[in-house]
Amino acid sequence: MNMDIAKTSADASGEELLGHYIDASLDVRGSRRLAVTNPASGEVVRAVAVADSSVVDAAVAAAIRAFPGWRDTPPAKRAAIMFRFRALLEQHADQIAALITEEHGKVTDDALGEFRRGLEVVEFCCGIAEVLKGEHMRNAGPAIDSWSEFHPLGVVAGITPFNFPAMVPLWMYPLAIACGNTFVLKPSEKVPSASLLCARLLEEAGLPAGVFNIVNGDRETVEALLAHGDVKAVSFVGSTPVAESVYRTASASGKRVQALGGAKNHAIVMPDADIDNAVSALMGAAFGSCGQRCMAISVAVCVGDDVADALVAGLASKIVEMKVGPGTDPQADMGPLISREHRQKVLGYVDSGVAEGAELAVDGRHLQIEGCEKGFFLGPCVLDKVRPDMTVYREEIFGPVLCVMRVASADAALELVNAHEYGNGTCI
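Fair warning: this is a prediction, and the values are worked out from it, not measured in the lab.

(A) Just the overall build of the protein chain, in detail. Across its full length, the protein chain carries 15 helices and 19 strands. Compactness check: the protein chain gives a C-alpha radius of gyration of 23 Å against a globular reference of 22 Å for 428 residues, within 12% of the reference. Each principal axis of the C-alpha atoms in the protein chain carries an extent, and together these give about 70 × 65 × 40 Å. Taking contacts inside the protein chain between residues at least 6 apart in sequence as the whole, the part at least 24 apart equals 72%. If you sum the accessible surface of the protein chain, you get close to 18,200 Å²; carbon and sulfur atoms cover 52% of it. Between the mean site of the 37 positive side-chain charges and the mean site of the 54 negative ones, the protein chain shows a separation of 6 Å.

Spelled out as structure tokens, the structure:
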């Protein structure tokens with residue numbers, strides 16, 4: 001990690017310590033520290049300070065002070081900063097990807113891929129002056145002209161998940177900032193470094209102090225943000241139970257809220273499907289990023305037993321060829337899960353599927369990676385003959401586990417998808 005850009009410090013034990021980014025300065029206040037672990041090795045690589053309510057207050061106060069001047073900054077000047085930010089992101093793409101791989105575990109190509117998808121939003125922000133022009137209409141009614149204007153809200157906040165350390169934050173704060181708001185980001189405590197690096201790049205691009213701030217931490221930090229009266233809007237991405245809690249809490253205090261939760265995405269495989277093509281597509285959709293994606297395909301609905309048998313056989317043959325290993329291995333197709341606890345949770349789902357009657361067609365539970373014995377690895381798993389009443393079907397697993405279901409017709413497949421609470425992403 002480039003110490004000049006990220007500006008980390010060390011605690012009394014000499015361990016690298018990440019703090020908060022407030023008013024363009026590093027702040028390591030907080031009574032607690034959390035370990036940041038490399039999932040491939042299982043080793044602690046650094047620590048991160050936990051922001052309590054006083055640290056959140058300081059971040060919001062910095063954003064409040066910066067808001068009037070930033071609000072009145074012409075959109076073209078804000079866009080100019082985004083242009084410079086985009087160029088700096090490009091220059092540091094490999095460094096950002098390396099931090100993602102170290103703290104999340106995903107393979108380098110996947111890390112660069114998520115970075116590129118976040119970069120697309122920054123590119124959009126470079127044209128924000130056109131977007132913010134508003135509208136005007138003469139004679140909308142008798143002797144009435146109408147016009148619309150866009151006004152920033154003030155201080156807004158983002159709470160982002162571990163699975164996309166760069167992309168999801170970059171979907172939030174560049175747009176909010178380009179539109180004239182000031183921002184407080186709470187990234188996942190498991191993957192804090194990429195956002196801290198991006199904050200320094202924004203500073204280098206010319207963003208005034210206080211416009212963008214980061215508070216690191218866990219639930220305590222989130223609750224302080226949601227309770228703060230000067231935070232006008234909140235954007236959240238994470239699990240469904242937490243999304244529901246965030247929405248209830250923030251909206252009750254009058255905040256605008258965007259809360260994105262979990263999913264259970266289906267792929268319907270028809271009798272006339274190209275099975276080889278379907279298998280190739282499912283390999284990436286189900287097991288890419290170790291299945292830790294809200295839009296991962298986690299259910300394959302096969303229309304007919306012949307289709308299911310062919311699909312399962314094809315998946316099994318491809319999974320044998322798949323290489324699982326640390327994200328730094330250029331030959332690796334899939335890395336580890338984010339934490340030991342999450343690995344145990346996913347294993348529990350696989351075990352429950354077997355206990356409830358599913359057939360474990362591909363068993364990745366006992367995978368061992370030489371040199372990474374303490375890492376949080378789990379091989380791809382395929383559960384066949386899954387029923388709608390099984391836990392593995394009803395709940396989001398968020399791991400490299402594909403459920404295969406068998407139905408008699410296309411209508412039955414669509415009914416299955418539409419009946420699922422989280423069936424919000426489907427391909428056929």
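(B) Seen up close, the pattern of salt bridges. Inspection of every chain in the model, using the stated rule, returns 26 salt bridges. Two residues, D27 and R29, come together in a salt bridge whose shortest N-O distance is 2.8 Å. Across the pair E90 and R116 runs a salt bridge whose closest N-O atoms are separated by 2.6 Å. Here the residue E90 occupies a position in helix α3 (residues 75-91), and R116 occupies one in helix α5 (residues 108-125), the gap between them amounting to 26 residues. Taking the relative accessible area as the measure of exposure, R116 reaches 39% and is therefore partly exposed. Here the salt bridges share partners, and the residues they tie into one network are E16, R46, E102 and E103.

(C) Representation of the state of the cysteines within the structure. Scanning the entire structure with this criterion turns up zero disulfides. For the unlinked cysteine C179, the closest cysteine sulfur is that of C125, found at 7.1 Å.

(D) Fine view of the packing of aromatic side chains. With the rule as written, the count across this model stands at four aromatic pairs. Ring geometry for F183 and F212: centres 6.2 Å apart, planes at 40 degrees, overall tilted. You can see F183 sitting in strand β10 (residues 182-186) and its partner F212 sitting in strand β11 (residues 212-214), a full 29 residues away along the chain. By way of ring pairs, the aromatic residues Y173, F183 and F212 are connected into one cluster.

(E) Highlighting the packing of α5 against helix α7 (residues 167-178). One way to put it is that α5 packs onto α7 with a least axis distance of 8 Å and a crossing angle of 10 degrees. If you check the angle between α5 and α7, you find them roughly parallel. Residue-level inspection shows E114, R117, G118, L119, V121, V122, F124 and C125 of α5 in contact with α7, the latter providing M167, L170, W171, P174, L175 and A178. Here the contact of α5 with α7 is composed, by residue class, of 11 nonpolar, one polar and two charged.

(F) Geometry of the nonpolar core. Judged by nonpolar contacts, the single largest core of 55 residues is most densely connected at L282, F287, L311, V386, V392 and L402. Considering every element that reaches this core, the biggest residue donor is helix α11 (residues 275-287), with seven residues. The residues contacting F287, other than those within four sequence positions of it, are L282, I319, M322, M334, P380, C381, V382, P400, V401 and L402. Core analysis: the second largest hydrophobic core is formed by 53 residues, A97, L119, L196 and C198 among them.

(G) Examining the packing of helix α2 (residues 53-71) against helix α9 (residues 219-227) more closely. Interaxial distance between α2 and α9 falls to 9 Å at its minimum, and their mutual angle equals 50 degrees. Comparing their axes, α9 and α2 come out oblique. Judged by the sense of rotation from one axis to the other, the crossing of α2 with α9 is right-handed. Across the interface between the two elements, S53, V56 and V60 from α2 touch T221, A224 and L225 from α9. In terms of residue class, the contact of α2 with α9 is made up of four nonpolar, two polar and no charged.

(H) Structural detail: the sheet that holds strand β18 (residues 401-407). The mixed open sheet is built from six strands, whose spatial order is β16-β17-β18-β15-β14-β19. Looking at strand neighbours, the two that pair on one side only are β16 (359-362) and β19 (426-427), the edges of this open sheet. The sheet strands contacting helix α13 (residues 340-355) are β16, β17 (381-384) and β18, and the helix crosses β17 at an angle near 25 degrees.

(I) Structural view of α5. Helix length check: α5, at 18 residues, gives a terminal C-alpha distance of 26 Å against a target of 26 Å (1.5 Å per residue), a fit within 8%. Those residues of α5 not exposed but buried are D110, A111, G113, E114, F115, G118, L119, V121, V122 and C125. The inward-facing, buried residues of α5 abut α3, α4 (93-104), α6 (128-131) and α7.

(J) Main features of the pairing of β18. Taking burial as the measure, the seven residues of β18 include six buried ones, the bulk of the element. Here strand β15 (residues 297-303) runs beside β18; their pairing, made up of five bridges, is parallel. In the sheet register, V299 faces β18, and the bridge partner there is C403.

(K) Region of the structure containing the pairing of strand β12 (residues 231-237). Taken across its seven residues, β12 has six buried, putting it largely inside the fold. Of the pairings in the sheet, the one linking strand β9 (residues 155-159) to β12 comprises five bridges and is parallel in character. Bridging from a neighbouring strand, G158 pairs with S235 of β12. Across five bridges, the pairing between β12 and strand β13 (residues 256-260) is parallel. From the neighbouring strand, F236 faces β13, where its bridge partner is A259. A crossover connection joins β12 to the parallel β13 through helix α10 (residues 240-252); in handedness this β-α-β unit is right-handed.

Rules of the game
- Residues numbered from 1 in each chain as written.
- Predicted model: local features only at pLDDT ≥ 70, side-chain atom pairs only at ≥ 80, totals over all residues.
- Heavy atoms only, no water.
- Helix = DSSP H or I, 4+ residues; strand = E, 2+ residues; numbered from the N terminus.
- Rg over C-alpha atoms; globule rule 2.2 N^0.38 Å.
- Contact = heavy atoms within 4.5 Å.
- Areas by Shrake-Rupley, 256 points an atom, 1.4 Å probe, with all protein chains shown as cover.
- Lys, Arg positive; Asp, Glu negative; His and termini not counted.
- Charge placed at Lys NZ, Arg CZ, Asp CG, Glu CD.
- Salt bridge = Lys/Arg side-chain N within 4 Å of Asp/Glu carboxyl O.
- Buried < 20%, exposed > 50% of the residue type's maximum accessible area, 1.4 Å probe, protein only.
- Disulfide = S-S within 2.5 Å.
- Phe/Tyr/Trp six-rings, centres within 6.5 Å; stacked < 30°, edge-to-face > 60°.
- Axes fitted to C-alpha atoms, helices over the stretch in contact; angles between N-to-C directions.
- Parallel < 35°, antiparallel > 145°, perpendicular 65-115°, else oblique.
- Nonpolar A, V, L, I, M, F, W, Y, C, P; charged D, E, K, R; others polar.
- Core = buried A, V, L, I, M, F, W, Y, C linked by side-chain atoms within 4.5 Å.
- Left-handed = near helix turned anticlockwise from the far one by under 90°.
- Pairing = 2+ DSSP bridges.
- Expected span 1.5 Å × (residues − 1).
- Right-handed = clockwise from strand over helix to strand, strands pointing away.

Everything listed here is a matter of coordinates, which is why it stays silent on function.
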